[in-house]
Amino acid sequence: MADGGKKTETVPLPTSHRAMANAIRALAMDAVEQAASGHPGMPMGMADVATVLFARFLKFDPAHPSWPDRDRFVLSAGHGSMLLYALLHLTGYADMPLEELKRFRKLGARTAGHPEFGHAAGIETTTGPLGQGLANAVGMALAERMLNAQFGNAVVNHRTYVIAGDGDLMEGISHEAASLAGHLRLSHLTVLFDDNGISIDGPTRLSVSDDTLARFAAYGWEVSAINGHDPAAIGAALRAANAAVRPTLIACRTTIGYGAPTKAGTEKTHGSPLGKEEMLGARHQLGWPHPPFELPKEVRALWRATAQRGAEEFAAWKERYAALAPSQKAEFERRIEGELPEAWLERLNAHKRRLIEKKPAEATRKSSEAALEVLTEIIPEMVGGSADLTGSNNTKTKQTLPVSAHDYHGRYIHYGVREHAMAAVMNGLSLHGGFIPYGGTFLVFSDYARPAIRLSALMGQRVIYVMTHDSIGLGEDGPTHQPVEQLAALRAIPGLYVFRPADAVETAECWALALFFRDAPSLLALTRQNIPTVRTQYREKNLCARGGYVLSDCSIPSEVTLIATGSEVHLALAAQEDLCRRGVPARVVSLPCWELFDQQPAAYRRGVLSDGLKVAVEAGVRLGWEKYIGADGIFIGMPSFGASGPYEDVYTHFGITPLHVVNAVLKRLDHDAARRY
């Protein structure tokens with residue numbers, strides 16, 4: 001197709017549409033009933049909308065589910081997962097056979113209670129926490145426009161469609177994400193709002209009286225309201241959306257549990273099986289006489305025919321793709337596959353060598369900026385951003401020009417004060433493919449972004465969080481901005497690598513590791529205050545790769561191991577020097593990444609931590625440190641929230657100083673010696 005993938009629309013007859021939509025309703029009823037758990041109401045209510053979308057508009061090919069130029073479909077209302085599973089089965093996705101629908105919500109099934117990315121092809125993102133899918137879709141739509149700007153219509157020209165419910169739009173993240181989408185005029189984004197007026201508690205009027213159309217219009221969206229059970233109206237609205245120059249919200253007035261004789265239109269169909277008697281009534285009312293999980297051949301054929309259109313579009317795309325210049329084709333493939341360009345690590349190691357020569361005394365946020373200058377120059381898929389803290393997070397480089405509604409060639413996103421949406425949009429950028437997103441805010445505000453950070457880990461996405469002002473070291477802004485519990489909370493998220501580098505050298509190494517991890521997110525906790533270089537000898541080997549290592553040791557066996565992270569490592573080194581002068585041999589262990597250290601063999605961990613008294617030094621709460629220092633170890637850190645004042649005074653106030661470490665060690669050693677005698 002010379003038009004770069006513009007789709008033609010095939011309109012099924014009304015009787016065909018009814019049969020196709022009722023197949024979705026029947027499969028949803030049957031699977032939820034068999035599982036004795038689930039949400040049948042939304043799939044039954046949105047079956048008409050989904051049928052029109054998949055049969056007439058969506059560009060997809062089940063035989064090539066990873067096709068880069070496919071349209072993205074996001075079921076943000078993830079509780080209605082049977083809608084998606086039914087669609088994937090009906091359209092012929094190989095890993096969604098009927099047996100998987102029968103195993104709905106069973107342990108190990110691809111048909112989890114809420115859609116999970118990676119369980120089956122066609123599931124574009126993990127949804128269920130409401131609002132997340134909508135924000136992910138904003139990231140996907142933005143990725144499409146940015147990749148289109150770089151590679152052109154011939155290979156990148158697709159749309160992102162979302163089905164969202166009342167709950168998605170009540171969540172605050174929907175405001176952040178929709179506002180950003182409107183600002184960036186993401187015209188290839190269409191949200192189909194399931195406007196059924198029902199939530200778990202009952203009618204939505206119990207808790208909300210928003211004018212949703214006016215709200216989205218104020219964001220800069222095109223808006224319309226339709227009967228969500230009228231195929232002609234649905235088709236007309238989608239055609240208008242595809243022609244719009246702004247994102248579109250279509251409010252689809254539907255009946256939750258459509259077809260259920262006594263429960264339709266009520267909260268009783270939201271989160272519970274219909275029951276056998278209600279299911280029989282629904283089958284009668286819908287004109288669907290078939291037994292559970294049985295699909296007539298003619299209905300199955302109608303659905304499979306929709307995939308043929310996608311196969312033709314895929315073949316046309318392949319021809320256009322083959323016509324690309326070899327260098328452009330190779331670059332596109334590399335980026336879609338997530339491979340890093342050649343020589344990137346050599347460039348970063350050269351930077352590391354320069355750091356050791358200069359030994360800068362600087363904040364690690366500044367060290368991160370220097371590493372990013374090197375990395376963004378050689379890795380064009382790195383896309384940065386900040387939640388209105390660019391000058392503080394140091395996330396913008398010379399190579400990363402701003403993205404705007406008028407120019408998608410840029411590589412830097414001004415997210416505004418929208419931490420939650422920033423994290424979820426970065427998930428969408430990563431899920432789409434072709435980009436490695438990183439974004440910054442203050443570490444204390446990771447709490448605003450936490451639900452999306454958790455989903456980064458759950459989905460195994462290479463998303464990099466740059467969290468600066470990582471401790472009481474930010475000083476005068478006080479306890480509202482001084483994170484003390486955030487490190488412990490973030491380390492509790494499975495699959496998230498939390499890095500707290502001790503100097504510029506470790507910062508460069510931690511950036512290298514964050515890029516290496518293709519299937520996991522990373523978070524860099526960086527200082528506001530200047531700290532000295534503690535790594536003074538060049539090693540090409542990435543010492544941070546093992547999570548922790550002996551930074552400084554004595555020539556004789558150590559009696560004490562001082563374990564520290566980030567800005568407290570140089571304090572531990574000063575304490576070690578003082579202890580050695582007093583005749584107490586001590587070693588210093590830098591522990592920039594707990595998660596990596598915990599993955600090391602037990603013998604390595606024992607060798608690093610050594611025997612004897614263990615002391616942890618970190619300007620955060622104690623939680624979690626027991627696994628390294630034991631129940632009898634000493635913790636030098638934060639017993640409470642912080643305080644406002646110059647950071648040197650705040651550190652002294654809370655006893656996080658070399659002298660306090662030394663005194664605590666001597667007191668313990670004297671006490672232990674007294675007990676022995």
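Residues numbered from 1 in each chain as written. Predicted model: local features only at pLDDT ≥ 70, side-chain atom pairs only at ≥ 80, totals over all residues. Heavy atoms only, no water.

> Hey, could you run me through the overall build of the chain in this one?
When helices and strands are tallied, the chain shows 25 helices and 18 strands. Relative to the 2.2 N^0.38 estimate, which gives 26 Å for 677 residues, the radius of gyration of the chain is 28 Å and therefore close to what a compact globule would have. Structurally, the chain occupies a C-alpha span of about 90 × 60 × 45 Å along its principal axes. Of the contacts made within the chain by residues no fewer than 6 positions apart, 78% connect residues no fewer than 24 positions apart. Surface accessibility of the chain: about 25200 Å² in total, with carbon and sulfur atoms responsible for 53%. Charge-centre separation for the chain: the mean point of 69 positive side chains lies 3 Å from the mean point of 73 negative side chains. (Helix = DSSP H or I, 4+ residues; strand = E, 2+ residues; numbered from the N terminus. Rg over C-alpha atoms; globule rule 2.2 N^0.38 Å. Contact = heavy atoms within 4.5 Å. Areas by Shrake-Rupley, 256 points an atom, 1.4 Å probe, with all protein chains shown as cover. Lys, Arg positive; Asp, Glu negative; His and termini not counted. Charge placed at Lys NZ, Arg CZ, Asp CG, Glu CD.)

> Quick question: what am I supposed to make of the pattern of salt bridges here?
Oppositely charged side chains may form a pair once their charged atoms are brought near each other. For the structure shown, the criterion picks out 26 salt bridges. For the salt bridge of Arg518 with Glu339, the shortest nitrogen-to-oxygen distance reads 3.1 Å. Of the two residues, Arg518 is situated in the loop between helix H19 (504-516) and strand S13 (522-525) and Glu339 in the loop between helix H12 (326-337) and helix H13 (344-358); the sequence distance between them amounts to 179 residues. Taking the relative accessible area as the measure of exposure, Glu339 reaches 41% and is therefore partly exposed. The shortest N-O distance in the salt bridge between Glu377 and Arg347 comes to 3.2 Å. Of this pair, Glu377 sits in helix H14 (residues 364-378) while Arg347 sits in helix H13, and the two are 30 residues apart along the sequence. The exposure class assigned to Glu377 is partly exposed, which follows from its relative accessible area of 49%. The partly exposed category is assigned to Arg347, whose relative accessible area is 35%. Through salt bridges with shared partners, one network takes in Glu577, Asp578, Arg581 and Arg582. (Salt bridge = Lys/Arg side-chain N within 4 Å of Asp/Glu carboxyl O. Buried < 20%, exposed > 50% of the residue type's maximum accessible area, 1.4 Å probe, protein only.)

> I keep staring at empty space enclosed by the protein and nothing clicks. Help me out?
To find leftover empty space, a probe the size of one water molecule is rolled over the atoms. Counted under the stated rule, the structure contains two cavities of 30 Å³ or more. Roughly 120 Å³ of volume is contained in the largest cavity. Lining the largest cavity we find 15 residues, and of these Phe60, Asp71, Tyr93, Gly122 and Glu124 sit closest to its centre. Grouping the constituent residues of the lining of the largest cavity by class yields nine nonpolar, two polar and four charged. Taken together, Val484, Leu487, Ala488, Arg491, Trp594, Glu618, Gly620, Val621, Leu623 and Trp625 make up the full set of residues lining the second largest cavity. (1 Å grid on protein atoms, 1.4 Å probe; cavity = no way out; pocket = protein on both sides within 12 Å on 5 of 7 lines; lining within 4 Å. Points joined across faces, edges and corners; volume = space filled by probe spheres on them. Nonpolar A, V, L, I, M, F, W, Y, C, P; charged D, E, K, R; others polar.)

> What is the right way to read the packing of H13 against H19 from this model?
The contact between H13 and H19 brings their axes to 9 Å, and the two run at 170°. On the basis of the axis angle, H13 is roughly antiparallel to H19. The element H13 and its partner H19 pack so that their crossing is left-handed. Contacts from Trp344, Leu345, Leu348, His351, Lys352, Leu355 and Ile356 in H13 reach Ala504, Val505, Ala508, Glu509, Ala512, Leu515 and Phe516 in H19. (Axes fitted to C-alpha atoms, helices over the stretch in contact; angles between N-to-C directions. Parallel < 35°, antiparallel > 145°, perpendicular 65-115°, else oblique. Left-handed = near helix turned anticlockwise from the far one by under 90°.)

> How should the layout of surface pockets be read in this particular structure?
Quantified by volume, the largest pocket comes out at close to 840 Å³. Residue lining of the largest pocket: 34 residues in total, with Ile336, Ser430, Leu431, His432 and Gly433 positioned closest to the centre. Examining the composition of the lining of the largest pocket, we find that five residues originate from one element, H12, more than from any other. Of the residues that constitute the lining of the largest pocket, the class distribution is 13 nonpolar, ten polar and eleven charged.

> Would you mind showing me how to read the packing of aromatic side chains here?
The geometry of an aromatic ring pair is captured by two quantities: the separation of the ring centres and the angle between the planes. Under the definition given, this model contains 24 aromatic pairs. Ring pairing ties together the aromatic residues Trp67, Phe151, Phe314, Trp317, Tyr321 and Phe332, which thus form one cluster. The side chain of Arg353 reaches across the aromatic face of Tyr538, ending 4.3 Å from its centre. Here Arg491 stacks its cationic end above the ring of Trp594, 3.9 Å away from the centre of that ring. (Phe/Tyr/Trp six-rings, centres within 6.5 Å; stacked < 30°, edge-to-face > 60°. Lys NZ or Arg CZ within 6 Å of the ring centre and 35° of its normal.)

> In this structure, what is going on with the nonpolar core? I would like to understand it.
As a rule of thumb, soluble globular proteins bury nonpolar side chains together. Leu142, Leu186, Leu189, Trp221, Ile453 and Leu523 are the most contacted members of the largest nonpolar core, which has 70 residues in total. Setting aside residues no more than four positions away along its own chain, Ile453 makes contact with Ser446, Tyr465, Met467, Leu490, Ile493, Leu496 and Leu523. In terms of nonpolar packing, the next biggest core, distinct from the first, is built from 64 residues, Phe54, Leu90, Ile163 and Leu238 among them. (Core = buried A, V, L, I, M, F, W, Y, C linked by side-chain atoms within 4.5 Å.)

> Hey, could you run me through the confidence of the model for the chain in this one?
Close inspection of predicted coordinates is inappropriate for parts of the model with low pLDDT. Mean pLDDT over the chain works out to 96, with 97% of the residues at or above the 70 mark. Taken together, the stretch residues 1-8 has pLDDT below 50 and engages in 20 contacts with residues farther than four places along the chain or on a different chain. (pLDDT = per-residue confidence, 0-100.)

> Explanation requested: the pairing of strand S15 (residues 560-564) in the structure shown.
If a strand is regular, its side chains alternate between the two faces of the sheet. Summarising burial for S15: five of the five residues are buried, a large majority. Here S15 shows a buried face lined by Val560, Leu562 and Ala564 and a second buried face lined by Thr561 and Ile563. Note: S15 against strand S17 (residues 613-617), five bridges, orientation parallel. In the strand pairing of S17, Val560 is matched with Leu613. (Pairing = 2+ DSSP bridges.)

> What should I look at first to understand unusual backbone geometry in this one?
With glycine set apart, most residues show a phi of negative sign, and most peptide bonds adopt trans. Its identity as a non-glycine residue notwithstanding, Ala36 has a phi of 55°, on the positive side. Mapped onto the fold, Ala36 is located in the loop between helix H1 (14-35) and helix H2 (41-57).

> What is the right way to look at a negative patch on the surface in this model?
A cluster of acidic residues, Glu476, Asp477, Glu648 and Asp649, forms a negative patch on the protein surface. If you trace the backbone, Glu476 turns up in the loop between strand S11 (464-468) and helix H18 (486-491). Using a relative accessible area of 46% as the deciding quantity, one classes Glu476 as partly exposed. (Patch = residues over 30% accessible without salt bridge, like charges linked within 9 Å, V, L, I, M, F, W, Y side chains within 5 Å.)

> Please clarify how the sheet that holds strand S16 (residues 586-590) should be interpreted in this entry.
Strand pairing in a sheet takes place through backbone hydrogen bonds and is either antiparallel or parallel in direction. In space, the five strands of this open sheet follow the order S14-S16-S15-S17-S18, with mixed pairing throughout. Among the strands making up the open sheet, the edge pair consists of strand S14 (549-552) and strand S18 (634-636). For this sheet the average axis-to-axis angle between neighbouring strands, irrespective of direction, equals 30°. As defined by bridge partners, S14 adjoins S16 across three bridges and the pair is classed as antiparallel. Considered in S16, the bridge of Ser552 is made with Val588. Sitting on the sheet, helix H22 (residues 602-609) is in contact with S14, S15, S16 and S17, with an inclination near 130° to S16.

> So what exactly am I meant to see when it comes to the sheet that holds strand S2 (residues 160-165) here?
Pairing in this open sheet of five strands is parallel, and the strands run S1-S2-S3-S7-S6 from one edge to the other. Each end of this open sheet is capped by a strand with a single partner; those strands are strand S1 (72-75) and strand S6 (222-227). Direction aside, the axes of adjacent strands within the sheet are offset by 20° on average. The pairing of S1 with S2 spans four bridges and is parallel. Bridge assignment links Phe73 to a residue of S2, and that residue is Tyr161. Strands S1, S2 and strand S3 (189-195) of the sheet are contacted by helix H5 (residues 132-151), whose axis makes an angle of about 165° with S2.

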